[in-house]
Structure formats: structure tokens, C-alpha cells
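Chain by chain, the residues:
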Amino acid sequence: KKLAELTNEVANVTQQSSETASSQITSLMNGYKLSIDEAKDALDAMALVAAESASDLNELATAETRVASVAHDLGVSQNQLTAQLSTMVSVTREAPETVGNALRSIYARIGDLKLGGSDETGVDLGKVSGALSEIGINVLDANGDMREMGTIIEELMEK
């Protein structure tokens, strides 16, 4: 019942079909392993961010469907993801699907490097962490483990 109510609420606010709103909510819940109450809180927070930025709830929810599970797996909080997506959508005015896919690719690339691999051009974690450390961002913690992606991206956004 709560899911149906939330779906109708989101569909009304975003002026989209219940099917689309349901898909967005399900993606958020599955990606971040949220209960329905946690999903409602997350969507309320997204709506607040949308109201203060040049993005809207539909754009943020659409972009998030593309990247939520990867972001969660790499330690990006849902609030961090919303802020990143809102900034990218507001600045670029690209389609939210494009923004979500781009951020997913960034996360996936760095996540693969975390596992000791290299990307298709031969770039490995040493090159990435070296380049980022030149601008004051440490990718690895004191134990040599990769820090949470959300924190790395936040620091990068400040530069």
C-alpha cells in the first residue's frame, strides 16, 4: 500500500506515468537496498534538491536509475549521488539518462581500477591516484585501500 501511494505521489509530482515512477522507485530501492520508508525519505530529499537547483525530480530519478547500484556498491551515499547528479544535470543540461550513464561509467572505471585492473587504454590505479594526488586528492587511505567513491568525487568537485 505504501509503495502504491508513493508511486502515485511521485507520478503526480513529476507528471509521468505510474509505471515510470514505479520503475524509478524500484531502482532506487534495489540499488540502495532501501525500505519503502527510506525510499520515501530519499525521494523527499531529491525533491528538495530539485527545488533548489536547475534539475527536477523526474530528471534526478531518471538519472539515478542508471547508476544507483554501482554508486551504492562503491560507497557513494544516496545523498551524495543526488547532489552529484543534480550538479551535472544543472550544469550540462544533458538528458538525465546520459548523465546517469556517464557517472556510472566513471564509477565503474575507477571501481575496476580498485580491483587491480586497468582500463582499455592501459591506465591503472597508480596513474589515476598519482594524477589525483597532484591536485590534493588521495584515492587510497593510510592502509592502501581505496577510499569511498563518494568522498573522492566530493573532493574532486571542490577542485
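Preceding this paragraph is the structure being described.
Values in this document were obtained by computation on a predicted structure and should not be read as measured data.

Chemist: Account for the overall build of the protein, with residues named and values stated.
Modeler: Along its length, the protein carries 8 helices and 0 strands. If you list the helices and strands of the protein from N to C, you get α-α-α-α-α-α-α-α. Of the contacts formed within the protein by residues at least 6 apart in sequence, a portion of 52% connects residues at least 24 apart. Put simply, the protein shows about 8,500 Å² of open surface, and 50% of that area lies on carbon and sulfur atoms.

Chemist: Please give an account of helix α5 (residues 78-92) that cites residues and values.
Modeler: Compared with the 21 Å implied by 1.5 Å per residue over 15 residues, the 21 Å span of α5 between its first and last C-alpha is a close match. When α5 is considered as a whole, its buried residues turn out to be Gln78, Gln80, Leu81, Thr82, Gln84, Leu85, Ser86 and Val89.

Chemist: With reference to specific residues and values, describe the pattern of salt bridges.
Modeler: Counted according to the given criterion, the structure contains 5 salt bridges. Here Asp37 and Lys2 are joined by a salt bridge, their closest N and O atoms 3.2 Å apart. Of this pair, Asp37 sits in helix α3 (residues 36-52) while Lys2 is found in helix α1 (residues 2-14), placing the two residues 35 residues apart along the sequence. Take Asp37: its relative accessible area is 42%, and that puts it in the partly exposed class. The network of salt bridges with common partners includes Glu9, Lys40 and Asp44.

Chemist: Go over the side chain of Thr14, please, and point to the residues and values.
Modeler: Structurally, Thr14 can be placed in helix α1. When its relative accessible area of 12% is taken as the criterion, Thr14 is described as buried.

Chemist: Which residues make up unusual backbone geometry, and what values go with them?
Modeler: With a phi close to 60 degrees, Gln15 is a non-glycine residue in the positive phi region. Counting through the fold element by element, Gln15 comes out in the loop between α1 and α2 (18-32). A relative accessible area of 69% places Gln15 in the exposed class. Even without a glycine there, the phi angle at Lys33 is positive, about 55 degrees.

Chemist: Quick one: what's the story with the environment of Glu59, residue by residue and with numbers?
Modeler: Following the sequence through the fold, Glu59 ends up in helix α4 (residues 57-73). By relative accessible area, Glu59 is classed as buried at 13%. Between the C-alpha atoms of Glu59 and Glu97, which are 38 residues apart in sequence, the distance is 8.2 Å. Aside from chain neighbours lying at most four places away, what touches Glu59 is Ala54, Val89, Arg93 and Pro96. Polar side-chain contacts of Glu59 include one of 2.8 Å to the side chain of Arg93.

How each quantity is defined
Residues numbered from 1 in each chain as written. Predicted model: local features only at pLDDT ≥ 70, side-chain atom pairs only at ≥ 80, totals over all residues. Heavy atoms only, no water. Helix = DSSP H or I, 4+ residues; strand = E, 2+ residues; numbered from the N terminus. Contact = heavy atoms within 4.5 Å. Areas by Shrake-Rupley, 256 points an atom, 1.4 Å probe, with all protein chains shown as cover. Expected span 1.5 Å × (residues − 1). Buried < 20%, exposed > 50% of the residue type's maximum accessible area, 1.4 Å probe, protein only. Salt bridge = Lys/Arg side-chain N within 4 Å of Asp/Glu carboxyl O. Polar contact = N/O pair within 3.5 Å; in protein donor to acceptor, adjacent residues only side chain to side chain.

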